[in-house]
Amino acid sequence: MNVTRRIFAAGAATIPFVGAGLPISRARATEQDAPIIGSQAAADPLELAIDAYIYGYPLVTMELTRRVLTNVVAPEGKGAPMGQFASMREYPNAKFRAVTAPNADTLYSSAFLDVGQEPHLLTIPEENGRYFLMPMLSAWTNVFAVPGKRTTGTGPQTYFIAGPGWSGSVPSGAKLIQAPTNLIWILGRTYCTGTPEDYTAVHELQDRYRLIPASATGKTYTPAPGRVDPSIDMKTAVREQVNRMDAATYFNLLASLMKDNPPALADGVPVAKMASLGIVPGQPFDLASQPPVIREAIDKAPREAIPHIMEHFKNTGSHVNGWTFTTDGGDYGKDYLQRALITAIGLGCNLPQDAVYPTTTVDAAGRKLNGNSKYVIRFAEGELPPVNGFWSVTMYDADYFFVDNPINRYSVSPRDALKANPDGSVDLFIQAESPGAHHESNWLPAPSGPIVLMMRTYWPKDTLLNGSWSPPPVTRSTSASL
């Protein structure tokens, strides 16, 4: 089930901010180009079950993420009750397991909303030119609106966020955003240098990000406390919880979730094929009532689908100097395998116009990156990542989580006061030991064992989006010291 993928497609169309309930415009892959479910050849029950698992992976993952992040009485750390912001007050550390591939460049302001019950008002204060964005994700992980510096500027803003079935009047001074699903996730990011002074400045902004239900408009509003469900696993990473789920539980949850978070109209083919397995939106899924061949296929689906999702990393995007560079993130159309992969390794991914994430697990010679070796990434003079926002290089372990290191540095970027070489080039040192005091500002500490490097480029320029600029290779050093 190999998939041919479009690459560097962002230059073909724009993905504007949805300011008044307007649809996002995007060049879509054809059914033959992208979706594995759309293939007419997928008639075997096992292939149907695998495709159904892949199709539903984002929706199930979002629900388990919601359960974990809202299972608190009041906002604290990364968690907050439904309808309230959880504002991260400092960068995540190596113990953070709520979301794969977290960043250490911005402070998160995260909120899950049920806009099916009633619309909500989002108020954003004056940002005074600071880079921020408030992407809104559907329950299927598609970004459907992005208030932020790139799209709406940094002045004060108010949005009226309504569910897919809502109709009515919008409060004066607010802009309508109509969500495609009842469950949505606002995963705001506000740039912060990490200094005590800048932490304080960003905390003041976060305290003024405000969400209220529409019924509280013009009234004094105090959010109700949340309820803690002791049965929810708060320790195991969400991805692991999803991957451990038995097939009957997984597909029953998927069917239940599709009632309030309906598939897109364009997803008629996969929905019909799921129905042939007994998986119908809003109806309980009873595995025992299915024919033996269907029961066997459903039971095998997770074991077959999960490796297929992860192996897709090798096929997606463009491979340049060892980096995988793709602009197919945040809005996936019918590319269900890509959507599942990004859910697994980068839940909460932005639109390419907001951020692109070149990622690598190999050096320039194609050897797997390992913290037991030393590496250098050299940017020639004038060839640092071309962005309007900011850029960084982040270190992860093989599971896309931060790793402990002696200086608590998980990413390296210009805010570290990078030192240039005499010829104007800039070297980043990827290794376990300090490269020496003179180079320490450019050092990204590595653990022993396999590592993943991710380059974050926020508000990338056209030269990055169209492939004119490429990230330099990661070169293994043979020197005893640098």
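Residues numbered from 1 in each chain as written. Predicted model: local features only at pLDDT ≥ 70, side-chain atom pairs only at ≥ 80, totals over all residues. Heavy atoms only, no water.

Just checking my understanding: could you explain the overall build of the protein for this structure?
When helices and strands are counted, the protein shows nine helices and 21 strands. The C-alpha radius of gyration of the protein comes to 22 Å, within 12% of the 23 Å expected for a compact globule of 482 residues. Expressed along its principal axes, the backbone C-alpha trace of the protein runs to roughly 70 × 55 × 45 Å. A total of 482 residues make up the protein; the buried ones form 58% of that total. Total accessible area computed for the protein in this model is approximately 19,600 Å², and 51% of it derives from carbon and sulfur atoms. Between the averaged position of the 40 positive side-chain charges in the protein and that of its 44 negative side-chain charges there is a distance of 1 Å. (Helix = DSSP H or I, 4+ residues; strand = E, 2+ residues; numbered from the N terminus. Rg over C-alpha atoms; globule rule 2.2 N^0.38 Å. Buried < 20%, exposed > 50% of the residue type's maximum accessible area, 1.4 Å probe, protein only. Areas by Shrake-Rupley, 256 points an atom, 1.4 Å probe, with all protein chains shown as cover. Lys, Arg positive; Asp, Glu negative; His and termini not counted. Charge placed at Lys NZ, Arg CZ, Asp CG, Glu CD.)

Help me understand the packing of aromatic side chains in this model?
Here the distance between the centres and the angle between the planes together describe a pair of aromatic rings. The final tally for this structure, using the stated rule, is 20 aromatic pairs. When the centroid spacing of 4.0 Å and the interplanar angle of 15° are considered together, the rings of Tyr 53 and Tyr 250 count as stacked. Taken together, the residues span a long stretch of sequence, with Tyr 53 in helix α1 (residues 45-69) and Tyr 250 in helix α5 (residues 247-260) at a distance of 197 residues. For the pair Tyr 53 and Tyr 250, a shared accessibility class is recorded, and that class is buried. (Phe/Tyr/Trp six-rings, centres within 6.5 Å; stacked < 30°, edge-to-face > 60°.)

Explain the sheet that holds strand β18 (residues 426-431) to me, please; I cannot follow it from the model alone.
Strands belonging to one sheet form pairs held by backbone hydrogen bonds; the direction of such a pair is parallel or antiparallel. The four strands are arranged β19-β18-β15-β21 in an open sheet whose pairing can be described as mixed. With one partner strand each, in any of the chains shown, β19 (443-445) and β21 (474-477) form the two edges of the open sheet. Sheet twist, expressed as the average angle between the axes of neighbouring strands with direction ignored, equals 25°. As paired strands, strand β15 (residues 374-379) and β21 are joined by four bridges and run antiparallel to one another. Across the sheet, residue Lys 374 finds its bridge partner in β21, namely Ser 477. (Pairing = 2+ DSSP bridges. Axes fitted to C-alpha atoms, helices over the stretch in contact; angles between N-to-C directions.)

I would appreciate a short explanation of the nonpolar core in the present structure.
One broad rule of soluble globular proteins: the nonpolar side chains tend to lie buried together. Of all hydrophobic cores here, the largest spans 83 residues; its most connected members are Tyr 53, Phe 251, Ile 279, Ile 298 and Ile 309. Element by element, the count of residues in this core is highest for α1, at 14 residues. Apart from the residues within four sequence positions on either side, Ile 279 is in contact with Ala 52, Phe 251, Ala 255, Met 258, Met 274, Phe 285 and Ile 298. Of all hydrophobic cores here, the second largest spans 25 residues; its members include Trp 323, Val 356, Leu 369 and Ala 446. (Core = buried A, V, L, I, M, F, W, Y, C linked by side-chain atoms within 4.5 Å. Contact = heavy atoms within 4.5 Å.)

Any chance you could explain the sheet that holds strand β3 (residues 120-124) here in plain terms?
One open sheet holds the four strands; their spatial order is β8-β7-β3-β10, and the pairing between them is mixed. One side of each edge strand has no neighbouring strand; the edge strands of this open sheet are β8 (175-178) and β10 (210-213). For this sheet the average axis-to-axis angle between neighbouring strands, irrespective of direction, equals 25°. Pairing geometry for β3 and β10, over four bridges, is antiparallel. Directly across from Leu 122, in β10, lies its bridge partner Leu 211.

I keep staring at the environment of Arg 66 and nothing clicks. Help me out?
Looking at the secondary structure, you find Arg 66 in helix α1. Linking Arg 66 and Ala 139, residues 73 residues apart in sequence, is a C-alpha distance of 9.8 Å. Residues in contact with Arg 66, not counting those within four places in the same chain, are Met 82, Phe 112 and Leu 183.

Help me out: how do you make sense of the confidence of the model for the protein in this one?
Low pLDDT means the predicted coordinates in that region are not meant to be read closely. Here the protein averages 89 in pLDDT, and 90% of its residues register 70 or above. A low-confidence stretch, residues 1-42 (pLDDT under 50), is modelled with 114 contacts involving residues beyond four sequence positions or located in other chains. (pLDDT = per-residue confidence, 0-100.)

Sorry, what's going on with the pairing of β15 here?
Looking along a regular strand, one sees side chains alternate from face to face of the sheet. For β15, the buried fraction is high: five of the six residues fall into the buried class. Note: β15 against β18, five bridges, orientation antiparallel. Within the sheet, the bridge partner assigned to Val 376 lies in β18 and is Phe 429.

I would appreciate a short explanation of the pairing of β3 in the present structure.
Burial analysis of β3 places four of its five residues in the buried class, which makes it a mostly covered element. Taken together, the five bridges between β3 and strand β7 (residues 157-162) define a ladder with antiparallel strand orientation. Directly across from Ile 124, in β7, lies its bridge partner Gln 157.

Would you mind going over the pattern of salt bridges with me for this structure?
Side chains that differ in charge, positive against negative, can pair when their charged atoms come close. Here the structure, examined in full by the defined rule, presents twelve salt bridges. The closest approach of N and O atoms between Asp 299 and Arg 303, which form a salt bridge, is 4.0 Å. On the criterion of helical spacing, the pair formed by Asp 299 and Arg 303 is a turn pair, its members being four residues apart in helix α7 (residues 292-311). Its relative accessible area of 42% is what places Asp 299 among the partly exposed residues. Classification of Arg 303 as exposed rests on a relative accessible area of 54%. In this structure, Arg 378 and Asp 427 form a salt bridge, with 2.6 Å as the shortest nitrogen-oxygen distance. Residue Arg 378 is located in strand β15, and its partner Asp 427 is located in strand β18; the two are separated by 49 residues in the primary sequence. Through salt bridges that share partners, Glu 63, Arg 66 and Arg 67 make up one connected network. (Salt bridge = Lys/Arg side-chain N within 4 Å of Asp/Glu carboxyl O.)

Explain the side chain of Arg 189 here, please?
With respect to the helices and strands, Arg 189 occurs in strand β9 (residues 183-191). Although buried, Arg 189 forms no salt bridge, and the nearest oppositely charged side chain, Asp 354, lies 8.0 Å from it. Of the polar contacts made by the side chain of Arg 189, one reaches the side chain of Asn 350; its length is 3.1 Å. When residues no more than four places from it in sequence are discounted, the contact partners of Arg 189 are Asn 103, Thr 106, Leu 107, Tyr 108, Tyr 131, Phe 132, Leu 133, Pro 135, Gly 348, Asn 350 and Tyr 458. (Polar contact = N/O pair within 3.5 Å; in protein donor to acceptor, adjacent residues only side chain to side chain.)

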